[in-house]
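Structure at a glance
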Amino acid sequence: NQKINSPGAQTGRNGTTMGFLGFLGTPLGYVLQWMYDLFGSYGWALIVFTVAVRVLSFPLQIGQQKNTARMAAYRPMIEEIQKKYAKDREKQNEELMRLQQEYGYNPTAGCLPMFVNFFVMFGVIEAVYYPLQHILHISKDVLTQIASILNMTYPYTTNTAIIQMVHNNTLPSEAAALLTSEQLASIKDFNVMFLGMDLTVKPELAFNVLLIFPVLSVVTMALSNIIIMKSSGQEMQGSMKWMPWMMSLMFVWIAFTVPVAFSLYYTVSNVLMLITSIITRKMYDPEKMKAQVAAEIEEKKKAKKAKKQVKVVDEKTGEEKLKEVTEAEMNRLRIERARAIDAELYKDERTTPLNAKTGEEESCEK
């Protein structure tokens, strides 16, 4: 038996990947199990699962594209505010808040699809790290005991090793005794091959068939990032221009530290993202949305300038009369009215501070 020290950066001491997101592997594992039972192939189960996720999240992606395209229309207004109040952060934030309240600018709009994709991705990583635990539902405690018998350090390597040993009839009897006959049969029948690749194996930087999907996952991610940025109608500034490429480099590292099954999932996901991004761009073209938002803003500005008739009370005579005011003047009158009501309501309450030593009222005048 060989002691294997596989990458510990991805696997914690408790045998879960990606820290607190490890719990996501359990529900996704049941979904993958159902699809595996349906298609009899681990590879096809991952592909159909990916398609299903993209189809279900497509309405969210449509909303994201709509909001992103709208945000592009606000960009000139945001840059003008940032430039005008570059030295006054408080005033800058105040103006940005006013832009949000009066014209519908919302910097967080469209974030939900990104969070959904993020959580699904790490759930898939967890599931493909531990297919025996999450898809075949073999107890983690049993797998840990088998890891000890095989003198292996990490449960991830145990999953791959057990599958290979059971398929090759080389699993030590002491380890096999910890599994039920049904569990051994399910591992024996677990079809992990796809296009000549064992999807449970971690790819390495060597010229072999396992390189196909890691390379494709990185390439398709870079392409999808480019398409998404063009669909947004916004131009990245400064270091943000390099963000898509930095993300692609990060996924080069991820692709070579997890089983190749993740690269298959991510490649299919990126291809579908490319297709859906093209569709949503046609639905909500940034240039058309800019014109639409500009028209909406202009209408709101006209509405603010338009005068309305309101009833006001003359302070001297107490008589009501009609007055034409703009929206801003109306808001000022409302504030004045609210203050007058508060003053009348609390006129009998103490409003001057007491002297801490004498207990007598102090004058507010200095």
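Since the structure is predicted, the reported quantities are computational estimates derived from the model, not experimental observations.

Take the overall build of the protein next. Within the protein one finds 14 helices and four strands. The buried share among the 366 residues of the protein stands at 40%. Contacts in the protein between residues far apart in sequence, at least 24 positions, make up 69% of those at least 6 positions apart.

What follows covers the nonpolar core. Within the largest apolar cluster, 57 residues are counted, with the highest numbers of intra-cluster contacts made by Tyr42, Phe49, Ile187 and Phe262. Excluding its chain neighbours within four sequence positions, the residues that come into contact with Tyr42 are Tyr36, Ala127, Val128, Pro131, Ile135, Phe190, Asn191, Val192, Leu199, Thr200 and Ala261. Core analysis: the next-biggest nonpolar cluster, separate from the first, contains ten residues, Tyr74, Ile81, Tyr85 and Ile297 among them.

Attention now moves to the side chain of His134. Summarising the element assignment, His134 is placed in helix α5 (residues 131–134). Since its relative accessible area comes to 3%, His134 is described here as buried. Within polar-contact distance, the side chain of His134 engages the side chain of Glu126 at 3.2 Å. Filtering out sequence-adjacent residues up to four positions away, His134 remains in contact with Gly25, Thr26, Gly29, Tyr30, Glu126 and Ala127.

With that settled, consider the side chain of Ser269. Here Ser269 shows up in helix α12 (residues 260–283). Residue class for Ser269 comes out buried when judged on its relative accessible area of 4%. Reaching out from Ser269, the side chain makes a polar contact with the side chain of Arg54 at a distance of 2.9 Å. When sequence neighbours within four positions are dropped, the list of residues in contact with Ser269 reads Thr50 and Arg54.

Their axes nearest at 8 Å, the elements helix α1 (residues 25–39) and helix α2 (residues 42–84) cross at an angle of 120°. Considering the angle they form, α1 stands oblique to α2. As α1 runs across α2, the sense of the crossing is right-handed. Here α1 contributes Leu28, Val31, Leu32, Met35, Tyr36 and Phe39 to the contact with α2, which in turn contributes Tyr42, Trp44, Ala45, Leu46, Val48, Phe49 and Ala52. Considering only residue class, the contact of α1 with α2 consists of 13 nonpolar, no polar and no charged.

This part is about the packing of α2 against α12. For any two helices packed against each other, the geometry is given by the interaxial angle and the distance between the axes. It is at 9 Å that the axes of α2 and α12 come closest, and there the two elements cross at 30°. Considering the angle they form, α2 stands roughly parallel to α12. Between α2 and α12 lies a crossing whose hand is right-handed. Residue composition of the contact of α2 with α12, by class: 15 nonpolar, eight polar and two charged.

It is worth spelling out the packing of aromatic side chains at this point. By the definition in use, this model includes nine aromatic pairs. Taking 5.3 Å as the distance between ring centres and 45° as the angle between the ring planes, the aromatic pair formed by Tyr42 and Phe190 counts as tilted. On the criterion of sequence distance, the pair formed by Tyr42 in helix α2 and Phe190 in the loop between α9 (181–188) and β1 (193–194) is long-range, its members being 148 residues apart. On the basis of relative accessibility, which here comes to 1%, the residue Phe190 falls in the buried class. Judged by centre distance (6.5 Å) and plane angle (40°), the ring pair of Phe49 and Tyr265 falls under tilted.

Criteria and cut-off values
Residues numbered from 1 in each chain as written. Predicted model: local features only at pLDDT ≥ 70, side-chain atom pairs only at ≥ 80, totals over all residues. Heavy atoms only, no water. Helix = DSSP H or I, 4+ residues; strand = E, 2+ residues; numbered from the N terminus. Buried < 20%, exposed > 50% of the residue type's maximum accessible area, 1.4 Å probe, protein only. Contact = heavy atoms within 4.5 Å. Core = buried A, V, L, I, M, F, W, Y, C linked by side-chain atoms within 4.5 Å. Polar contact = N/O pair within 3.5 Å; in protein donor to acceptor, adjacent residues only side chain to side chain. Axes fitted to C-alpha atoms, helices over the stretch in contact; angles between N-to-C directions. Parallel < 35°, antiparallel > 145°, perpendicular 65-115°, else oblique. Left-handed = near helix turned anticlockwise from the far one by under 90°. Nonpolar A, V, L, I, M, F, W, Y, C, P; charged D, E, K, R; others polar. Phe/Tyr/Trp six-rings, centres within 6.5 Å; stacked < 30°, edge-to-face > 60°.

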